[in-house]
Amino acid sequence: MKYISTRGGIEPCEFLDAVMMGLADDGGLVIPDAIPDVRDRLSDWSTLSYNELALEIVALFATDVPREDLRPLIERAYSADHWPDGVAPTVAVGDLHVLELWHGPTLAFKDVALQLLGNLFEYVLARRGGRLNILGATSGDTGSAAIAGVRGRAGIDIFMMHPRGRTSPVQARQMTTVLDENVHNIAVEGDFDDCQRIMKELAGDLAFKRRYSLGAVNSVNWARVLAQIVYYFKSAFGVLAQQGKDVAEKDATVTFAVPTGNFGDILAGWYAMQMGCPIKRLILATNVNDILKQFFTKGIYPRSTAKPTSSPSMDIQISSNFERYLYYYVNRHSRNIDAMADRLKGMMQILEHGGNMYVKPNTPDGIDPQIAAESASEQDVMATIAETWRQHRYLLDPHTAVGVRVARRMRRDGETVICLATAHPAKFPTAIEQAVGEAIAHHNRLDALATLPTRCADLPNDKQAVRDFIETTLKRRIP
Ligand SMILES: *Cc1c(COP(=O)(O)O)cnc(C)c1O
């Protein structure tokens, strides 16, 4: 398996190169040059443990890593130490199923990918030598999951910027209470866009990037998408087995409802579906920042500014992973490969410059018969959290509630729907209290953070200040 860029401007490379590259060097996103078809393996795979299944799937895409090397990387990423209740348990809530992806170290689904990515980085550095300095910007969940993925690892330092006072207090403490020598939190006196701008400017300074081997952990890294493919298979197998269905039967399928922001998680489901995972369709769920819904229902990708909601990890205007989907979409609708790369580049430029992009809907139902889309308002989200708690004594976090609300609205008769639960509700205690009228969202691990010491550098909203901090810190760390 080789990796290419959506914009056609890189030499085909191996999996580990793709992982280290993050964003493709031509500004596009890295994708596999083919999507394997696993339909004839479903029966064999359906009885595997999570780690065994992860090994089979990752091995298909990581053909430059021997299986005997992959196995321990996966086993360490998903050990019971880090996931005491399993990686991806699926539970019944009323007539829906909920795939709980928040049992990892930071209680959000991003741990599934970032625990594995940390191991892959360490593996590459051990084989090729050198160091990696990760620079990131976070509005909340990504930062703590990325830090948990690389804390204490040899050869890796992580610099994570967050907007001072603008993440939830719990989210900030999940980052700043990590005292490992290789973890450097930076609270920037600005908002998330300022953090992201500083990150892009520093990463775009190629001399600086090379001198300090700067790498990225944001959701465009292919390994993150890959790691997330696994739980779609695992959950589909589990629910179908519970229903006494044989995965090899043609009509044995499930539907996934996925709360989406950067289009990363649902893209993994889309890849799973193309591989032959028994998925009937995907239901894409957005909050009021509903650009992706507009695209999938009307073929319009309108630009506006993001409105803050109770599900902040989905308050996104440009979905960073969307270009991967668009690549396959344009590919299906055009014959000439060069014309295609140009068309995609044109579309992305329109988006990057704040314009509106259009494609023609294929059917009255929208762009893609495999993906249905709907949004949930803030009121919908609050009502869904309250109702689900009242009726089932099950507490949804606001992101998950977006998915559950949309799933209830879109579900057809007899359809088996699995909703992805992306965070533990205790990460968003204010929204929960607002929805149910009581402060009932707790988690021991988060409560314990309140009394721990913290370390964090407060810096002005200034690229040069962040740059100086990185240089001084690394001089001290690597004399
Ligand atoms: C990141 C995040 C999402 C959105 O995931 P994407 O991959 O960006 O679509 C949803 N819920 C939570 C809790 C998250 O942290």
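Look above for the structure.
All of the points below concern the structure found in this document. This one's a predicted model, so the numbers in the text were calculated from it and none came from an experiment. Per chain, residues are indexed from 1 in the order of the written sequence. Side-chain atom pairs in this predicted model are given and counted only at pLDDT of 80 or more, local residue features only at pLDDT of at least 70, and totals for whole chains, interfaces and linings cover all residues. Computation of side-chain values covers all heavy atoms of the structure but excludes hydrogens and water.

Below, the discussion takes up helix α3 (residues 50-61). Side chains three or four residues apart in an α-helix point the same way, a direct result of the helix having 3.6 residues per turn. Given a rise of 1.5 Å per residue, twelve residues ought to cover 16 Å, and the 17 Å separating the end C-alpha atoms of α3 matches this to within 8%. Buried, partly exposed and exposed residues are distinguished by accessible area as a fraction of the type maximum, computed with a 1.4 Å probe on protein chains only: under 20%, between the cut-offs, and over 50%, respectively. Secondary structure follows DSSP: runs of H or I at least 4 residues long count as helices, runs of E at least 2 residues long count as strands, and numbering of each begins at the N terminus. When you tally the buried positions in α3, you get nine out of twelve residues, the bulk of the element. Every buried residue belonging to α3 is among Tyr 50, Leu 53, Ala 54, Leu 55, Glu 56, Ile 57, Val 58, Ala 59 and Phe 61, and all of these are buried. By this rule, a helix spans an expected 1.5 Å times one less than how many residues it contains.

A pair of strands is labelled paired if DSSP reports no fewer than 2 bridges between them. The five strands lie next to each other as β8-β5-β6-β7-β15, forming an open sheet whose pairing is parallel. Of all the strands in the sheet, just β8 (214-215) and β15 (457-459) have a single pairing partner and so form its edges. Here strand β5 (residues 132-137) runs beside strand β6 (residues 156-163); their pairing, made up of six bridges, is parallel. The residue bridging Leu 132 from the neighbouring strand is Ile 156, located in β6.

Next up on the list: the site of the ligand. Throughout this document, a residue counts as near a molecule or strand when at least one of its heavy atoms sits within 4 Å of that molecule or strand. In the region of the ligand, 14 residues are neighbours, and Lys 110, Asp 141, Gly 261, Asn 262 and Thr 422 sit closest. Pairing of N or O atoms within 3.5 Å defines a polar contact, subject to two protein rules: one partner must be a possible hydrogen donor and the other a possible acceptor, and residues neighboring in sequence count only if both atoms are side-chain atoms. Within the side chain of Lys 110, an N or O atom sits 2.5 Å from an oxygen atom of the ligand. Between an oxygen atom of the ligand and a main-chain N or O atom of Gly 264, the distance comes to 3.3 Å. Starting from 380 Å² of accessible surface for the ligand in isolation, the protein chains cover 97%. Ten residue types, Ala, Val, Leu, Ile, Met, Phe, Trp, Tyr, Cys and Pro, are classed as nonpolar, four, Asp, Glu, Lys and Arg, as charged, and the remainder, Gly among them, as polar. The class makeup of the residues in the shell around the ligand is four nonpolar, seven polar and three charged. Computed by Shrake-Rupley with a 1.4 Å probe, the accessible areas treat only the displayed protein chains as cover when residues are assessed.

We now examine the pattern of salt bridges. Just to be clear on terms, a salt bridge is a Lys or Arg side-chain nitrogen sitting within 4 Å of an Asp or Glu carboxyl oxygen. With the rule as written, the count across this model stands at 25 salt bridges. With its nearest N and O atoms 3.6 Å apart, the salt bridge here joins Arg 164 to Glu 189. Within this pair, whereas Arg 164 is found in the loop between β6 and α7 (169-176), its partner Glu 189 is found in the loop between β7 (183-188) and α8 (192-204), the two being separated by 25 residues in sequence. By sharing partners, the salt bridges in this structure join Arg 131, Asp 157, Glu 181 and Arg 477 into a single network.

Attention shifts here to helix α4 (residues 67-77). Looking at α4, one finds that the buried residues are Leu 70, Leu 73, Ile 74 and Ala 77. Along the long axis of α4, the arc covered by the buried residues comes to 95°, so they all point the same way. This arc is built from the directions going out from the helix axis to the C-beta atoms.

A word on the sheet that holds strand β13 (residues 371-375). Taken together, the six strands give an open sheet; going across it, the order is β3-β4-β14-β9-β10-β13, and neighbouring strands pair in mixed fashion. Two strands bound the open sheet, and with one partner strand each, they are β3 (90-93) and β13. Pairwise comparison of adjacent strand axes, ignoring direction, gives a mean angle of 25° for this sheet. Looking at chain direction, β3 and strand β4 (residues 96-100) are connected through four bridges and run antiparallel. Angles here are taken between N-to-C directions and fall from 0 to 180 degrees, while the axes themselves are lines fitted to C-alpha atoms, restricted in helices to the stretch in contact.

We now examine the packing of helix α6 (residues 141-150) against α7. At their nearest, the axes of α6 and α7 sit 9 Å apart, and the two run at 20° to each other. Overall, the two elements α6 and α7 adopt an arrangement that is roughly parallel. The crossing of α6 and α7 is left-handed. Between α6 and α7, the contacting residues are Asp 141, Gly 143, Ser 144 and Ile 147 on the first element and Gln 171, Gln 174 and Met 175 on the second. Here the residues of the contact of α6 with α7 are counted per class, giving two nonpolar, four polar and one charged. Roughly parallel covers angles under 35 degrees, roughly antiparallel covers those over 145, roughly perpendicular covers 65 to 115, and oblique covers all other angles. Here is the rule for handedness: rotate from the far helix to the near one, and if that takes an anticlockwise turn smaller than a right angle the crossing is left-handed, while a clockwise turn gives right-handed. Whether two residues touch is decided by their heavy atoms; if any such pair falls within 4.5 Å, the residues are in contact.

What follows is about the state of the cysteines. Disulfides are defined in this document as cysteine sulfur pairs within 2.5 Å. In this structure the tally under the stated criterion is zero disulfides. Free cysteine Cys 195: the closest other cysteine sulfur is in Cys 456, separated by 11 Å. Using a relative accessible area of 32% as the deciding quantity, one classes Cys 456 as partly exposed.

Position of Ala 257 relative to the elements: it lies in strand β9 (residues 254-259). When the C-alpha atoms of Ala 257 and Gly 346 are compared, they prove to be 31 Å apart, with 89 residues separating the residues in sequence. What Ala 257 contacts, discounting residues up to four positions off in sequence, is Ile 283, Gly 403, Ala 407, Val 417, Ile 418, Cys 419 and Leu 420.

Here we come to unusual backbone geometry. Negative phi is the rule for most residues except glycine; trans is the rule for most peptide bonds. Residues other than glycine seldom take positive phi values, yet Leu 107 does so here, at roughly 65°. For Phe 263, which is not glycine, the phi dihedral falls at a positive 65°. Mapping Phe 263 onto the fold places it in the loop between β9 and α11 (264-275).

Next up on the list: the pairing of β4. Put simply, side chains in a regular strand alternate between the two faces of the sheet. The buried fraction of β4 is high, at five of five residues. Of the two faces of β4, the one carrying Leu 96, Val 98 and Glu 100 and the one carrying His 97 and Leu 99 are both buried.

Nonpolar side chains in soluble globular proteins tend to end up buried together. Remark: nonpolar core denotes a set of buried residues (Ala, Val, Leu, Ile, Met, Phe, Trp, Tyr, Cys) joined through side-chain atoms within 4.5 Å. Ranked by internal contacts, the top residues of the largest apolar core, which has 114 residues, are Phe 233, Phe 256 and Tyr 325. Of all the elements, helix α10 (residues 222-242) adds the most residues to this core, at 14 residues. Residue contacts for Phe 233: discarding those within four places in its chain leaves Val 38, Leu 42, Trp 45, Leu 53, Ile 57, Ala 272, Met 275 and Cys 277. One finds Leu 96, Val 98, Ile 385 and Leu 395 within the second-largest nonpolar core, a separate group that totals 30 residues.

Considering the arrangement of structural elements, one finds Arg 281 in strand β10 (residues 279-286). A distance of 2.9 Å separates the side chain of Arg 281 from the backbone oxygen of Met 410, its partner in a polar contact. Separated by 2.7 Å, the side chains of Arg 281 and Glu 415 make a polar contact.

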